[in-house]
Each structure stands twice: as C-alpha cells, then as structure tokens.
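Geometric and topological summary
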Number of protein chains: 4
Amino acid sequence: MNTDNTVDKYEGIIVPMVTPLHSSGELDKKGTDRLIKHLINGGVHGIFILGTTGEASSLKPSLTKELIELSCKEANGRTKVLVGISHTSSDVSLKLAQIAKENGADAVVALTPYYFYLDQEELEQYYIHLADESPLPVFIYNFPRMTKLNLEPKTAEKLALHPNIIGLKDSSGNGVYLQKLLSIKKKRPDFSILVGPEEMLAQSVILGADGGVTGGANIFPELYVLLFEASKNKDWLLIDKIQEIIMEISEKIYSASPKNSAYFSGVKESLYHLGICEPHLAAPMIGIDPKSKESIYSHLDRIHSKIKKLKS
Amino acid sequence: MNTDNTVDKYEGIIVPMVTPLHSSGELDKKGTDRLIKHLINGGVHGIFILGTTGEASSLKPSLTKELIELSCKEANGRTKVLVGISHTSSDVSLKLAQIAKENGADAVVALTPYYFYLDQEELEQYYIHLADESPLPVFIYNFPRMTKLNLEPKTAEKLALHPNIIGLKDSSGNGVYLQKLLSIKKKRPDFSILVGPEEMLAQSVILGADGGVTGGANIFPELYVLLFEASKNKDWLLIDKIQEIIMEISEKIYSASPKNSAYFSGVKESLYHLGICEPHLAAPMIGIDPKSKESIYSHLDRIHSKIKKLKS
Amino acid sequence: MNTDNTVDKYEGIIVPMVTPLHSSGELDKKGTDRLIKHLINGGVHGIFILGTTGEASSLKPSLTKELIELSCKEANGRTKVLVGISHTSSDVSLKLAQIAKENGADAVVALTPYYFYLDQEELEQYYIHLADESPLPVFIYNFPRMTKLNLEPKTAEKLALHPNIIGLKDSSGNGVYLQKLLSIKKKRPDFSILVGPEEMLAQSVILGADGGVTGGANIFPELYVLLFEASKNKDWLLIDKIQEIIMEISEKIYSASPKNSAYFSGVKESLYHLGICEPHLAAPMIGIDPKSKESIYSHLDRIHSKIKKLKS
Amino acid sequence: MNTDNTVDKYEGIIVPMVTPLHSSGELDKKGTDRLIKHLINGGVHGIFILGTTGEASSLKPSLTKELIELSCKEANGRTKVLVGISHTSSDVSLKLAQIAKENGADAVVALTPYYFYLDQEELEQYYIHLADESPLPVFIYNFPRMTKLNLEPKTAEKLALHPNIIGLKDSSGNGVYLQKLLSIKKKRPDFSILVGPEEMLAQSVILGADGGVTGGANIFPELYVLLFEASKNKDWLLIDKIQEIIMEISEKIYSASPKNSAYFSGVKESLYHLGICEPHLAAPMIGIDPKSKESIYSHLDRIHSKIKKLKS
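From a predicted model like this one, the values you see are computed outputs, not experimental measurements. (Residues numbered from 1 in each chain as written. Chains lettered and ligands numbered in written order. Predicted model: local features only at pLDDT ≥ 70, side-chain atom pairs only at ≥ 80, totals over all residues. Heavy atoms only, no water.)

Some points on unusual backbone geometry
Comment: phi is negative for the bulk of residues other than glycine, and the bulk of peptide bonds are trans. Residues and elements named next belong to chain C. What counts, and what does not: Helix and strand definitions here come from DSSP, where helices need a minimum of 4 consecutive H or I residues and strands a minimum of 2 consecutive E residues; each element is numbered from the N-terminal end.
The amide bond that connects Ala283 to the next residue, Pro284, takes the cis arrangement and shows omega of 10°. Assignment of secondary structure puts Pro284 in the loop between helix H12 (262-273) and helix H13 (290-311). The phi torsion at Lys234 lies on the positive side, around 50°, for a residue other than glycine. One can find Lys234 in the loop between helix H10 (221-232) and helix H11 (236-253).

Section: the relation of the copies chain D and chain A
Which entries qualify depends on this criterion: Alignment of the copies relies on least squares applied to C-alpha atoms, considering only residues that score at least 70 for pLDDT in both. Contacts were defined at the residue level, with two residues in contact if any of their heavy atoms lie within 4.5 Å.
With an RMSD of 0.0 Å, the operation that places chain D on chain A is a rotation of 180° combined with a shift of 0.0 Å along the axis. Look at the turn and shift together and you get a two-fold axis relating the two. Among all residues of chain D, the minimum C-alpha distance to the rotation axis is found for Tyr114(D), at 3.8 Å. Most of the interface of chain D is mirrored in chain A, where 100% of its interface residues again form contacts.

Looking at the packing of aromatic side chains
Defined as follows: In this analysis, rings of Phe, Tyr and Trp, with Trp reduced to its six-membered ring, are considered paired at centre separations within 6.5 Å, and the interplanar angle assigns stacked below 30 degrees, edge-to-face beyond 60, and tilted for intermediate values. Buried residues are those whose accessible area, probed at 1.4 Å on protein chains only, stays under 20% of the maximum for their type, while exposed residues exceed 50% and partly exposed ones sit between those limits. A ring has a charge above it when a Lys NZ or an Arg CZ is no more than 6 Å from the ring centre and no more than 35 degrees off the ring normal.
Applying the stated rule across the entire model yields 40 aromatic pairs over all chains. An angle of 85° between the planes, with centres 4.9 Å apart, marks the rings of Tyr254(D) and Tyr263(D) as edge-to-face. Note on Tyr254(D): relative accessible area 9%, which makes it buried. Connected via pairs of aromatic rings, a cluster forms that spans Tyr114(A), Tyr115(A), Phe116(A), Tyr254(A), Tyr263(A), Phe264(A), Tyr114(D), Tyr115(D), Phe116(D), Tyr254(D), Tyr263(D) and Phe264(D). Between the NZ or CZ atom of Lys80(C) and the centre of the ring of Tyr10(C), over which it lies, the distance is 4.9 Å.

Considering the sheet that holds strand E3 (residues 80-84) of chain C
Residue and element names in this part refer to chain C. As a reminder of what qualifies: Think of it this way: DSSP has to see at least two bridges between two strands before they count as a pair.
The strand order around the closed barrel formed by eight strands is E1-E2-E3-E4-E5-E6-E7-E8, and the pairing between neighbours is parallel. Summarising the sheet, strand E4 (residues 107-111) and strand E5 (residues 138-142) pair through four bridges and their orientation is parallel. Each bridged residue has a counterpart across the sheet, and for Ala110 the counterpart in E5 is Ile140.

A few points about helix H12 (residues 262-273) of chain A
All names here are of chain A. Short version of the rule: Expected span of a helix: the number of residues minus one, times 1.5 Å.
Counted at 1.5 Å a residue, the expected span for H12 with its twelve residues is 16 Å, and the 16 Å between its end C-alpha atoms agrees. Buried residues dominate H12, accounting for nine of its twelve residues. Every buried residue of H12 is accounted for by Ala262, Phe264, Ser265, Gly266, Val267, Lys268, Glu269, Ser270 and Leu271. Here the buried face of H12 lies against helix H1 (29-41), helix H11 (236-253) and helix H13 (290-311). One or two residues past the end of H12 sits Gly275, with phi positive at roughly 80°.

Some details on the pattern of salt bridges
We count it as follows: Whenever Lys or Arg places a side-chain nitrogen within 4 Å of a carboxyl oxygen from Asp or Glu, that contact is recorded as a salt bridge.
According to the stated counting rule, one finds 78 salt bridges over all chains in the structure shown. The shortest N-O distance in the salt bridge between Glu124(C) and Lys158(C) comes to 3.6 Å. Remark: Lys158(C) occurs in helix H6 (residues 153-159) and Glu124(C) occurs in helix H4 (residues 120-133); sequence separation between them is 34 residues. Linking Glu251(D) and Lys252(D) is a salt bridge whose minimum nitrogen-to-oxygen distance equals 3.8 Å. Of the residues examined, Glu251(D) reaches a relative accessible area of 38% and is grouped as partly exposed. Taking relative accessible area as the criterion, Lys252(D) reaches 29% and is therefore assigned partly exposed.

Focus: the pairing of E5(C)
Residue and element names in this part refer to chain C. To be explicit about the condition: A clockwise path from the first strand over the helix to the second, with the strands pointing away from the viewer, defines a right-handed crossover.
Most of E5 sits inside the fold, with five of its five residues counted as buried. Of the two faces of E5, the one lined by Val138, Ile140 and Asn142 and the one lined by Phe139 and Tyr141 are each fully buried. Read as a crossover between parallel neighbours, the route from E4 over H4 to E5 is right-handed. Of the strand pairs in this sheet, E5 and strand E6 (residues 165-170) are connected by five bridges, and their pairing is parallel. In the strand pairing of E6, Phe139 is matched with Gly167.

Quick notes on the interface of chain A and chain B
Formally: Here's the idea: put two parts together, see how much 1.4 Å probe accessible area each one loses, and the total over both is what we call buried area. Under this definition, polar contacts are N or O atom pairs within 3.5 Å; protein pairs additionally need one hydrogen-donor-capable and one acceptor-capable atom, and for neighbouring residues in sequence, both atoms have to be side-chain atoms.
Counting residues at the interface gives 21 residues for chain A and 21 residues for chain B. Carbon and sulfur atoms make up 61% of the surface buried where chain A meets chain B, a total of about 1,700 Å² over both sides. Its salt-bridge partner being Lys186(B), residue Glu244(A) comes within 3.4 Å of it at the nearest N-O pair. Where chain A touches chain B, the interface holds eleven residue pairs in polar contact (both at pLDDT 80 or more). Listing elements by their share of the side of chain A that touches chain B, those giving two or more residues are helix H7 (175-182), helix H9 (201-207) and H11 of chain A. Here the side of chain A that touches chain B gets six residues from one element, more than from any other, and that element is H11(A).

A short note on helix H1 (residues 29-41) of chain B
Residue and element names in this part refer to chain B. Keep this limit in mind: This arc corresponds to the set of directions leading from the helix axis out to the C-beta atoms.
For H1, spanning 13 residues, the distance from its first C-alpha to its last is 18 Å, which sits close to the expected 18 Å at 1.5 Å a residue. Among all positions of H1, only Gly31, Thr32, Leu35, Ile36, Leu39 and Ile40 are buried. Taken around the axis of H1, the buried residues stretch over an arc of 165°, which confines them to a single face. In H1, the exposed residues that point more than 90 degrees away from the buried face are Lys30 and Asn41. In the core, the buried residues of H1 are packed alongside strand E1 (12-16), strand E2 (46-49), helix H2 (61-75), helix H10 (221-232) and helix H12 (262-273). After H1 finishes, the residue Gly43 shows a positive phi value of roughly 85°.

Topic: the state of the cysteines
Basically, it comes down to this: Cysteine sulfur atoms are paired as a disulfide whenever they fall within 2.5 Å.
Summed over the entire model, instances satisfying the criterion amount to zero disulfides over all chains. Not part of a disulfide, Cys277(A) finds its nearest cysteine sulfur in Cys72(A), a span of 18 Å.

Quick look at the sheet that holds strand E8 (residues 211-212) of chain B
Residues and elements named next belong to chain B. What counts is decided by this rule: Whenever a helix is involved, its axis is fitted only over the stretch in contact; in every case the axis is a line through C-alpha atoms, and angles between N-to-C directions fall within 0 to 180 degrees.
Taken in spatial order, the eight strands of this closed barrel run E1-E2-E3-E4-E5-E6-E7-E8, and their pairing is parallel. Relative to strand E3 (residues 80-84), E2 runs parallel, the two being bridged by four bridges. Each residue of the ladder has a partner; that of Ile47, found in E3, is Val81. Across the sheet, helix H7 (residues 175-182) touches strand E5 (138-142), strand E6 (165-170) and strand E7 (192-195), and the angle it forms with E7 is around 165°.

Notes on the interface of chain D and chain A
Going by this rule: Throughout, the ten residues Ala, Val, Leu, Ile, Met, Phe, Trp, Tyr, Cys and Pro are labelled nonpolar, Asp, Glu, Lys and Arg are labelled charged, and all others, Gly among them, are labelled polar.
Taken together, the 35 residues of chain D in the interface contact 35 residues of chain A. Per-residue buried area on chain D facing chain A is highest for Tyr115(D), Phe116(D) and Tyr117(D); these three make up 23% of the total on that side. Among the ionic pairs, Lys259(D) bridges to Asp119(A), the shortest N-O distance being 2.7 Å. Where chain D touches chain A, the interface holds 20 residue pairs in polar contact (both at pLDDT 80 or more). At the level of secondary structure, the elements contributing two or more residues to the side of chain D that touches chain A comprise helix H3 (90-102), helix H4 (120-133) and helix H5 (144-147) of chain D. A total of four residues in the side of chain D that touches chain A trace back to one element, the largest contributor, which is H4(D). Per-class residue counts for the side of chain D that touches chain A are 17 nonpolar, nine polar and nine charged.

Right, here's the structure in full:
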C-alpha cells in the first residue's frame, strides 16, 4: 500500500482521455502521443486514461496495457497520470493497478462494480479491499446511470478515512449529492472531489470541489483550465463567457446525433478534425453518420474562433 | 389570458407549504393560519400551496378549494400566493386556476402530467393550452422522479416565449439541467427559475437562478431567506455557515426514518413540535414511528439553537 | 359495503373500452353507443370503462360522469360494467364509485395511486379503505410501469381476504408475478385474476387466470372471446392460429408509429376505420401521422380477412 | 466458425451452475466435481457455467479458465456444457470461447454488453461479430435488469438468421417478450429459446419454449427435469404439484433475506447443507446472516421431503 500519497493534491482539470484507435481497433499510437502532447501543452493538471470516455470497458487487455505504458512514457512526469482500473472483478482491477504502478502512474480510479446490485456494505468492503491491495492511491468513481449503483455519501464518508483512498469522481450530475460529498472535506481536507459533467465544473469548483474530469478538455484543454482558474478566483465575468462556450460544446458537439454514442463521436471527431488522432470508436459502439460529422466540424470551427477571441 | 404578469419578478424563497390536517383528514384551519403568519413573519417571498410538499395529489377537491381560499385570505397581499394546479387532466387544472384567480392568488404552478408517457411535443402543446386558458400566469414544474417525464431544456426554451408562462420550478436536482435552463434567461431575463432541492439553493442562486422552493422554509423561514440573501450577495462565510445547517436539516429531519414519506413527516412533525399545526399526513401516506419522531424533535431543538446563534 | 358480490365470477374478456371523443374533446355519444353494441354483439364478458385504454386520467369530471351514465344505460345488464375509479385521492375515487353504483355498474377498478412512492403498508391501507367505503366490489389494478409502484403478491394475498376486494388486474407483463398471484386462488378460488397485456391472454388463462383485459377486443371482440374459450379448453391448434393474429395486431396496429401514444391511436384509428367511432385522443396525447394511419388501415383490412377465414 | 451446430437441439433443463468457492476465493474443485456429478445424476440436459448464477463477472480470469477445464473434464460428454463468455469487450469473450472450444464445451452464451447504452444496430453488429468469430455456437443472453439493455425481438429475429447463433436465453421475465420471441421459431424451428426465471419454466415450455435455465436445478436437478417433462407432456396434475414446490423454493430459499444477494446465498447455502460444496459467494457480494441460513436449511429439509413424496 502506498502511504505517501497526500503530498500532492489532485485538483484542476483531469482530462478523461479518449483512446485513439485505428479502424482496425488497434491503438493509434501516434495519435495518442499527439493527444497527450496537446493536453500537456494545454496546461491540464492530469490525464485520466481508461475511463468511460476512454471506452475502457470495450478494450482488449493487451491494448489496455499498451495504452498505460505509452501514456505514462509520454506524460513522463509532466502531468499526473490516473489510470482507470474499473472492472466487475477486483482481481482484474488490481492487476491493472499493478501495471499502472510499474509504469509510473500516479493513481488509479475504480467505478463501483457494474453488474450485480450491491448494497452499501458490499460497496464499502469492495473499496476497502481495493485500497488495501492497490499499490497506487485509489479514487472512487460514482456513475449511477452506468453502474445502476449509487455510492451513498455516508459510505463515501467512511471510505474517506482510508489513507489509500484519496478522492472521488462523481459523474452523477446531482447537485444535492455533491453538497453531501463536500462535507467530507471538513473532516479530511485533502480528499479530492472531482466532478464529471463539465457543464457543472464552474459551479462545483465555486462550491468547493477540487476540479473536474471534463471530456471537452480533450479538444480544448486550455479552455477548461481557464474555467477552472476563473472558478477558483470567482472571476464571474470570465466564468460567464466560458460557461457559454462550454454549453455550446455540450449542445453542438456532444449532441450532434440522437445516438447514445453521440458524446463519444463528438469528442473523437473533433480531435480528428483538429488533426490529432483517428476518430474510430471501439466496438460495440458505432460512429455517427456523415451529416452529423459535418455538423460537428462546422460548429467546432466556430467554437474555436470564439475561444481565440476569448483569449485575446 | 393575464397580460400584466411581468410586473413583479418571482424571486427569493417561495415556500412549498405543507397542508396542515387534522387526524380526520380535514383541514387544520387554525394551523394553516398560524403557519402562514409564521411564514410571512419569516420574510418569505411567496407561498406555494398545493405542491408536492402540500400533498396536493392526495387531497379531496373540497379541501383543496378551502385551502386556496384560506391561504389567499390570510396572505392578504402580504406575500405572493402561488397555487399548484397539477393534475393529469388540464380541465381540472384550469378549474383550479379559476378558483385561484377568484381568490386573488398571484400565479399557478403545473407539473407535467404524471400518468402517461408523453413526448416533448405533447408536453409543449399541453403547456401552451394551459397558458392560453389560465387566468393567472403559469409556472412550469419539472419533477422527473415523480412524473416519469423530463421537460427538456429546449422545450422549456420554446415555452418561455409564451407571455403567460413566467417561470419554471425544477426539482430534478440535476446540475447540468439547471445550467441549460439558465441560458433561457439570456433571451428572457424576467423568466423566473426556481430550484427545488433546498440543498442546492445557494449554488443555484449563485449561478443565476431566481430562488428556491425550499420545504425547510416551512419550519425555519428566516434561515432560508438569509441563505437566499447571502447567496445573492455572494457572502461566502455566511453561505458556508448556513449551508451546514441546511445539510443537517436534510440529514436529520428529512431522513429520520427509512420510509419514503420521511421528508413529509420531517416537516410536519417539526411544525407540530413548534406548536404551529397538526402533524398528520394525508392518506395514503402513513406517518413515521414514535422513535423517529423523538429523533426529529431533539435534532430540531439543537438546530434551532444553532440558528439563534447564527443570527446573534 | 356491498356484500353479495361473489354471486358472479368475473372471468373472460373484459374490454378496456376506449373513450370515443369528438375533436372538440367532448364525448362522442353515438360512437360510444355503437361501440358498446359492437362489444356486446361480440360476446364479451364485460366492459371496463375509464381505464388506461380509456384515457381516464386525461378526461374532465363531467365527461367521466357522462360516460358512466351512458355506458351503464347502453349495457343495460347485457354485459358487466366495470368502472375505473383510479385517482391519487381516494375521496375522488370513492365519489366515482358512488356514481358507478347509482348508474348500476357492477364493480370498480382502482390503480395503486400514481404520484407518491408508497410502501406496501401504505398500499394495503389504501385498498382496505377503498374496499371498506366502496358501494361496489373493488378490483385492484397493478401497472408498475405507469404508477412506479408494484403491489407485491404478498400484499395482494392479504387484500384478497377482504370480502369487497374481488379481483386483481395485472398489467405488469411479468410472468413470475402472475405465478405468485395465482397462488392466491388456492385460498380464495373466487378471487378473479385478469391479465393486462393481451399477448399473454392465452398463456395466462392456461395457467389459471380468469381472463384478460384486452385492448384489441375493442376492435375484434369475437376474436378475443374465441381465444379465451380456446385457452379454457386447451384447444392448442386454435390457440396457435389466433395467437398469431394477436401478435400481428400487437405489431402492426399498436406499433404503427414510434410515438408513445401509438397503442391508443392504433385502437382508436381501427375503430374509426370500422365506422364505429371518432379517432381523436384526449389531450395531452397527440395522434399519429397520416402515413401511420394508412398503415393501420391496410393492416386492419388484412387482419380482418384472416379473422373471417378463421371463423369459417 | 462452427457449422455442424444444428445436430443437437438445446432443450430441457440447462442448469446455470453456481461456482463453488473456498472462503479464500479459490475454486472449490472437489465441490465442483460433486456438483457436476449431482447434476448429471439428476438428469439435466446441460450445464451452463459462468453465467449470472455462476457469478462470472466477479471471478478472476485464472479461476474462470480452471472452471471451464474442470467442468468439461467432469462432464466428459455426459451432458452438454455451455460456457458463459459475457464481457463488455468482445475480445475477452472470444478468448473465453476459444478456451471453451479447446476443452470440448458445446456452446457459448453471451449477454448483451453491460456498460454502455447501445442501440439495436450496435447490439446486432456486436452479436454478428461474436458469431462470426466464435469457434463454438453462440447463445444470445437477454437480461435487461442487469445490463440496462433489451435486445428487441426484431433484432433477435435478424440474428436468428446467422447459422452460428443457435438460441437465446431470456431472463426478462416478460411474458409479452417471450411471445414475440416464439414467433422466431416459425422461421427457424431449431432456434432454441430458453427461459430464465424458473417460476416461468412450465408456462414457457407449454407455450413452445425449448427449456429453462433454472437456478434451483443446482439443488434439485430431478425436480426441474420432471417439471420440464410434465410441461412437454402437458401433464396438468403433475405440473400443478411441482409448480407449488417451485414457488416455495422461490419464496423460502431465494428470499430468506432482504439482501440483493439472497438468491445466490439461497442456492449456495442449500448446496452446502446438502454436503455438495462450500457456500461462499464471490466478492463483492457478501453472504447472508446466520438466522437466514438457518431458515434456508429448515425450509430445504421440508421441501426435500415434499419432493420425495412427489416421486413416490
């Protein structure tokens, strides 16, 4: 068990990195390199590989391993690397944590298991086991819409007492839940609370959250870093301006098609349009139609101009 | 159709008033009088009768009418009166709106219908019909957990163009949804956005919402008014202090029992303990056990002391 | 309380009758008359007015009353009349039961209330209160998809001990639930179990259910009566032939459009095509597009021919 | 791709075998051997290892492999072996299918993926890919409550055209869904439809399903085989007698505790009480309390006596 994990606090923009893929399904290594450079240049505070945005659950084990190696090597200490180890079997998760450790990653992130209906006691024991055994500090990851399970604030509060559990990523989008989580920080101030939906980044940071895991930061890392800083500084004018762009990304880039996979296509097609990596989704998701792609590209260009104006 | 409804903006603390009942199920009129006095003395900006907290769906029509009359008479222009007209049949809703108008109420509030699975087009036409026919301005009321329907932000945006639709009460608790709603205000600044879960009151007002429909304001009206003002003024120290009490009310008063009706019992038992009205729930809900009641009373006393200290 | 309700058993095809409406929203009285004649001529064992198929929750009280009067008058003892009294307030339900009684109806049917999240104890007390006060025998109506509540088999078992609760209509579509319900009949053989989804009519009757509440019997009453009888007689060849048509009605008539209201339009447009009544849905539901209507009409003609062939 | 898979039809009782585990989490090999012998002696038509009842999603890969080897070896052609290959990544699934093939298994079973929200087109392509690549014939496995996805009957109909997709296991419990599935058999009679909830075994077989995947057959294999045969023969008296015991197992053995894991504990504790294998659940599930165990044991003894009487 890692014990010196409280040195650095996890705050700011942790990008839930997409997994660049060739149409064959293999890792687009050059694209991955370019993407990580793009993110580091954009000033992000960390990258979170193998999360939901990274389509981790769909990837084959060898590709997963390859991505951990490549990401850690490319990051090379210039930004934190968090590795998703979510799986329904904790043995598989712990093996991934071991690989993450060997490659120099900073922390691991684990969803509540996503097959059985577990109760709070089972979730608590699950995370305690993970935290006891993981060679890297552990983030809890709550995403009820995907896992069918909600880690209750009271359970999170108990788990926050474990020295190797250092934070929680909440993707519930629930404002009441977030308020309940924040009370944990009164007892353990270094416990890091990161919020999933990027539309809530500003409000969450203003309330006391430590940062956001914002998919759009794959495309526009600087924009989300700027919003994080504006939120920390309570710079209302700037927050307002950026929030408008964030909402436009949400509406125009992530909802270009009615398909469930629209968000994933939105991010990957944008990166493709920017020349960073291939746009292919991991099976079983299927990409969107050409018309929706065109819509993404044209909105992207307009949003890009707005961002440039913002910074000038 | 009412046309002079934009004179006053609906903002601040609009209390979703409980319906005081005798054990017979009849209206506790004296309790209702005392409660309204208590709320007006507490400085609330309006009362919303016949909402979810008012157990409106469980009440018989004669009691509903009685409550409208009594509330409007007691309020007597000293605070706004909003009347819930939610029903699955718009004819019943419009008859209630007529009664509300005749008694001098200020506005009506209507949930999305709560039986059939309706699509956005049907919801849009539903509200346009209500707004065309209602003699009082209309608030949309979104509460997906109860109605199984979510009024999408884009539908709300279209409806906000109707002159007799003056605002929306959102009880979804969803932070992303709120952000999407707020963009309506850029096009129609006087559109009033009120937020349901009181745990989100501060954050919502800070973001630009107009106020909250906060059940706890039945018990402690001044506290919620104070939080609203602190949030408007971005008085972070005060917000922090009050938010802690708000979370305690949420945890200790509303969750004293695992029953689904715990929130309703929490508010009504508190009012009973304060000597304001009878604690009985409307059938088919059944109250909580004696031990849970005792727990509410003792927590209430402690919270009361905290609030007194806060104000001194 | 009614006490002589066990004379007749409720079995066979109880048609959940649509409510024929003019485009103005008023009752299509002539259509209603023709429809009831059509059903009686088709040999159905009862009509159930003001159910989900009858769009009861959307109707105004005066129309509701009018429909009860008209239906009872037209039925005139030639078929049983069951009246839906479902509402979130039991006082409203009981007033409807009184009207039903005065007009000579045979029984009433009440959904679990459909707004609040109630527990089993609350549901039990709710039905006991209804049954104690209702002047007509009461059917429980379980439809979890619409009400968000599931009346557990154990609760149904307790309620079946009440002399004025004479049966249960289950629209859950859940085969395990049905098996659990059927065990009630071992203790109270005259307790009538009617099944909602018509696709399950045959299998349910074979297992021991007493009949079905089958929307398609509005269109083709004889077909469903024939299937009921074939199922009672375990006439496998005939069951197979009819079941194929039942599935075709389900697929082609009820699913002609992707709208949630497709089932309602399917039944009403069919009746319109047969010259029985107007096709208009009650607001807030909106009918389907012309192309879907055409599809219904042409499939209907084909199905009609098949039925004729079946009977010859 | 396998091509001679239509030789044998998959029908009868396919036991979703539990995975016997030591308290250490390792495979209880002797228990597994005894269990398979018990099942074969009970006359079951096949065993389905690594399904939901087998807690497959919680097991580590090495144990999974070990179980496949051991089961195939022990079955040794005396009963069919179906191997669950469900995973969110089809590469992992196909690797398991390869191992199954190498060990002599007969078929594989794959759930819809259980993390992302996939549409019907994605599900279709997913299964076509699996079927194209699998060295063993493939069963589709539909379990909406667990996977959040429902494979629509129309999609199943299309997939039934693939020569390497030989059947579907439906655990939805939905009687309408089953009726829709059964129409597939008119076009492809050898397509095997197996039903999950054992409470529905009799009714499903009577309707035309090929058999059941019945958890209780771990405990009482002969009982379920007898019910299958009685259902095939439409021996109503015997069906009634057995169905009563099936419902008692459902109520007393699977619902001994309110925990979500009660079913799993119910089966495993029963096997433990019968001296067949260890009772431990795979983490993250936690077993039930001692009192619930005692309740299981005593009910089990009573049920055992009833079964003996039945056969005599």
